[in-house]
Amino acid sequence: MTIKLEPPGLPPWWVVRERLRERLDTGPARRLTVVTGPAGSGKSSLVADWTASGHAGGRVAWLTLEPGDDEPGIFWSYLTAALLRAGVEPGGRWRPEAERSFLVRLVVGLAARAEPVVLVLDNVHALTKAAILDGLHFLVEHSGPQLRCVLVGRTDPPLPLHRYRLAGTITEIRHDDLAFTPAEADALLTAHGARLGPNAVAELTEQTHGWAAALRLEARALPVPGDKKDELADYIRNELLGEQSTATRDLLLRTCVAERLPAGLSVELSSRRDAAQVLDRLARQGLFVTAGTGGERVYVHHPQVREVLLAALAEGPVDRATGLHRRAAHWYAGFDRYAEALPHALLAHEWALAATAVVRSLAVAEVLDGRRAAAFAAMPADLDRPEAAVVAAAVAHYLDDPEACAKHLLRAGEMTGGHDITLPLSLAAVDVARARRHGRADDLAAAAEIAWRLLDDALVAGVAVPPDLASLIRLARADTLLWRHDLTGACAALQPSEHDGPEVLGRLALAEALCGRLRRAGEHARRALDRTGDGEGPGDAAADVALAWVQTDEYDLAAARVHAEQAAARLEERPDALLAGLLALVRARVHRGAGDIADAAEVVTAVPPGPRPPWLTELLGLTRDALLAPGRPPAEAGATPQHAVAEAMAAVFAGDTVRARALVAALGERPGLALDTRVDGWLITAVADLGDGRRDRARRALQRALALAETERLRRPLLEAPAPVRRFLREDHDLAVRHEWLGVTPRPAHVPSAALPSSPAVPAAPVMVEPLTAKETEVLGYLAQLFSTEEIARTMYVSVNTVKTHVRGVLRKLAATRRNEAVRRARDLGLL
């Protein structure tokens, strides 16, 4: 009997939960406190911890109830004993014929006490007799503030709780409140000697719904080898499910096939009209299911409980589980909820319905990328339905069988008449995927045009198109526009959204980079790479190519080299002719910036074969010509803006400034010019004006170029501009200081400038890509005086090896291979 009158002992791993202690501390102003939760939720230990903490606000009378205590004589005898231990004199014993007078004496005695009493009834769900519950209500109602009653149980006690709520005299702690938070779960795991990272703790807390019993078992399983899942399963079967009626267990078993359980589906699966009422009761008790929020009545099985139920279902006849999934699939399909019908149809091997669900829910992208492909491997080939043909084509695409894919698409196309838009849109999406992988440019353009139009029709009609399907079609549209060099159109097709995957973001970054919007391109590329890192496989190379392009334009050559190497590795796994060509341009620019002219020319000459857009082929040729024969007109005719720039630059080299200006003026009339092309145009104008001796006009043109480039920190065209422009910028102290972002060091005011030649003399190789250090500048001065390495070392009081290091730095930064060449270029730059 003594054990019943004492709180349960707290284990050494007990975690103090201050937030719930605070809830219990509000009790002195409340007559009644109700703590309800399922077995293993920690409710009794919580109240025991609270009473032991000294926060109860009075003497504690504890009584742990059992099913045999549900008799008035037994209950009131135990209650009297508990009160006596707390120092309360009940004023007599309970007798059936004098029950009312006993309760009145007890109330009077409690009300007269100077010190409050806290009465805790644990396992109060064991009480069902009306005589006991009426007496308990009388006791709470009339004892006043000197009695606080704390009822702990698995279900609400059948007392008029609504009256206490209206009066504001009740504190309620329920199953959701008892659930451990991630911080509390972490403390529990730590107390068991288990250490997990924050993400792992949060995931475990979510999986267990914060259920104390499950967390304790997981905590015991973590530090030592062995699997405690069987122990948890036994606990659920014996302690939780074993207490339920056969009808309730059968209801739970039938409905566990659905992860989310709408009320109507519970009726369909269980064949019970009162299924929702039973689930409501279980949800209120915090047992087995929780009720979702929102307009539709939806229940969710506790994950660990559902796992046990599914295992039990699997042990029975196979047809039973299959039949339940078939019911669920057809129930969902009957309400046009095909996305929810799909997994059940697959598990039931209802192939026609499964294929229809893929098409009607526009989930074909899940088959194309392999998420659902294996599930349809057993689908019969003779299903005479267009939806089945579309799914078969998607599976063939995933298996990289273009002939089978084309055959199934043709068969589906012959049966598409009279269907809603989901069928032709799904068919078009599969055709787009096929054309992107195996088709020619014109094939992809035709497929993308059809899919783009159907996508627009679907969106206008209010059809909910999944983001992955829309992304596939947007990518095909963008690929077609990039092939045509319609960069503005490609950016518009890839308008960013929160659902975009790395491939969409990578292509968008590429289009933005080609337009010259470097900041946007960098942001999209980095987001793409972040998301690529979350998945598996090599990923698409577009983001790396775009970021390398941006960094080359910003003249961060070391970073550009890193991303170029990453892009090359990705392209080995997933070849792409467009990306390979653009990567070659990036690598050539990096080599050129480092002074490796031969390597730069080799890169653009040895581009891997493959179909490339005409504009890209032309751009590769122009780059090669500029490297091998600088200052000469392009070897072949062309139509790109870059070709016009190359022609204008050749005219400047030849001293034909009139033609150079005319070419630039015509170039400016073209719409949608990339930023670097517009900057190049102003730089050519500046060179022409300098060659004609019109320095004021040259300054204005250079100012326009700098203003344009500054918006995106575009440094490459300016740092690689003809020598007269660089020298002019260095000599114009005000201009250089105002545009310090460019990194050009202005010439000190006392240093005389070299005479400007009457016609621009552009060096045949690139010049300095980054400023010389102070030591390198000093070494350069000695090189100009023809000092030997040893003489420089003695003069500077450094080692010969240190001098050699500085000389290599000078040669690299001035893109020179010999000392006298470096001195010549330094003089051209105004450094000497």
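Use the structure listed above.
Residues numbered from 1 in each chain as written. Predicted model: local features only at pLDDT ≥ 70, side-chain atom pairs only at ≥ 80, totals over all residues. Heavy atoms only, no water.

### Observations regarding the packing of helix α20 (residues 386-398) against helix α22 (residues 422-438)
Now for step 1: One way to put it is that α20 packs onto α22 with a least axis distance of 10 Å and a crossing angle of 20 degrees. Taken as axis vectors, α20 and α22 run roughly parallel relative to one another. Pair α20 / α22 crosses with left-handed handedness. Here Pro386, Glu387, Val390, Ala393, Ala394, His397 and Tyr398 of α20 lie close against α22, whose contacting residues are Leu423, Ser426, Leu427, Val430, Ala433, Arg434 and Arg437.
Now for step 2: In terms of residue class, the contact of α20 with α22 is made up of nine nonpolar, two polar and three charged. (Axes fitted to C-alpha atoms, helices over the stretch in contact; angles between N-to-C directions. Helix = DSSP H or I, 4+ residues; strand = E, 2+ residues; numbered from the N terminus. Parallel < 35°, antiparallel > 145°, perpendicular 65-115°, else oblique. Left-handed = near helix turned anticlockwise from the far one by under 90°. Contact = heavy atoms within 4.5 Å. Nonpolar A, V, L, I, M, F, W, Y, C, P; charged D, E, K, R; others polar.)

### With respect to helix α28 (residues 542-553)
Since the α-helix advances by 3.6 residues per turn, residues separated by three or four positions end up pointing in the same direction.
Now for step 1: Given a rise of 1.5 Å per residue, twelve residues ought to cover 16 Å, and the 16 Å separating the end C-alpha atoms of α28 matches this to within 8%.
Now for step 2: Among the twelve residues that make up α28, twelve are buried, leaving the element largely enclosed by the rest of the structure.
Now for step 3: Those residues of α28 not exposed but buried are Ala542, Ala543, Asp544, Val545, Ala546, Leu547, Ala548, Trp549, Val550, Gln551, Thr552 and Asp553.
Now for step 4: Along its buried surface, α28 packs onto α26 (502-515), α27 (518-532), α29 (557-573), α30 (577-593) and α37 (716-719).
Now for step 5: Among the residues trailing α28, Tyr555 stands out with phi positive, at a value near 65 degrees. (Expected span 1.5 Å × (residues − 1). Buried < 20%, exposed > 50% of the residue type's maximum accessible area, 1.4 Å probe, protein only.)

### Details of the nonpolar core
Now for step 1: Residues Leu582, Leu585, Leu683, Leu702, Leu706, Leu718 and Val725 are the most contacted members of the largest nonpolar core, which totals 93 residues.
Now for step 2: For this core, the element with the most residues is α30, which contributes ten residues.
Now for step 3: When residues no more than four places from it in sequence are discounted, the contact partners of Leu702 are Leu683, Ala686, Leu718, Val725, Phe728, Leu729 and Leu735.
Now for step 4: Grouped together as the second largest cluster of nonpolar side chains are 92 residues, Leu253, Ala258, Leu265 and Leu269 included. (Core = buried A, V, L, I, M, F, W, Y, C linked by side-chain atoms within 4.5 Å.)

### Digging into the side chain of Ser44
Now for step 1: Tracing the sequence through the fold places Ser44 in helix α2 (residues 43-52).
Now for step 2: Side-chain polar atoms of Ser44 contact the side chain of Asp122, separated by 2.9 Å.
Now for step 3: Excluding residues that lie within four positions of it along the chain, Ser44 makes contacts with Pro8, Trp62, Asp122 and Val152. (Polar contact = N/O pair within 3.5 Å; in protein donor to acceptor, adjacent residues only side chain to side chain.)

### Points about helix α13 (residues 263-270)
Now for step 1: Among the residues of α13, Ala263, Leu265, Ser266, Leu269 and Ser270 are the ones counted as buried. Around the axis of α13, the buried residues are gathered within 155 degrees of arc, so they sit on the same side.
Now for step 2: Tucked into the core, α13 has its buried residues touching α12 (246-255), β6 (260-262), α14 (275-284), β8 (298-301) and α16 (318-334).
Now for step 3: Downstream of α13 by one or two residues, Ser271 has phi in the positive range, about 60 degrees. (Arc of directions from axis to C-beta.)

### A look at the sheet that holds strand β4 (residues 147-153)
Now for step 1: Pairing in this open sheet of five strands is parallel, and the strands run β2-β3-β4-β1-β5 from one edge to the other. Edge positions in the sheet fall to β2 (59-64) and β5 (170-173), since each has one partner strand and no second. With strand direction ignored, the average angle separating the axes of adjacent strands in the sheet is 15 degrees.
Now for step 2: Examined bridge by bridge, β2 and strand β3 (residues 117-122) share six bridges and lie parallel to one another. Counterpart to Arg59 in the pairing with β3 is Val117.
Now for step 3: Contacts from helix α3 (residues 72-85) reach β2 and β3, with the element oriented near 150 degrees to β2. (Pairing = 2+ DSSP bridges.)

### As for the packing of aromatic side chains
Now for step 1: With the rule as written, the count across this model stands at five aromatic pairs.
Now for step 2: On the numbers, 4.9 Å between centres and 70 degrees between planes, the contact of Phe75 with Trp76 is edge-to-face. Accessibility assignment for this pair places Phe75 and Trp76 in one class, buried.
Now for step 3: Ring centres of Trp76 and Phe102 lie 6.0 Å apart, and the angle between their planes is 70 degrees; on these two criteria the pair is classed as edge-to-face. Of this pair, Trp76 sits in helix α3 while Phe102 sits in helix α4 (residues 99-111), placing them 26 residues apart in sequence.
Now for step 4: The class of Phe102 is buried, set by a relative accessible area of 0%.
Now for step 5: Cluster of aromatic residues (ring-pair linked, three or more members): Phe75, Trp76 and Phe102.
Now for step 6: Above the plane of the ring of Phe180 lies Arg17, whose end atom (NZ or CZ) is 3.8 Å from the centre.
Now for step 7: For Arg100, the ring lying beneath its charged end belongs to Phe138, and the centroid distance is 4.2 Å. (Phe/Tyr/Trp six-rings, centres within 6.5 Å; stacked < 30°, edge-to-face > 60°. Lys NZ or Arg CZ within 6 Å of the ring centre and 35° of its normal.)

So yeah, pure geometry; function would need other evidence.
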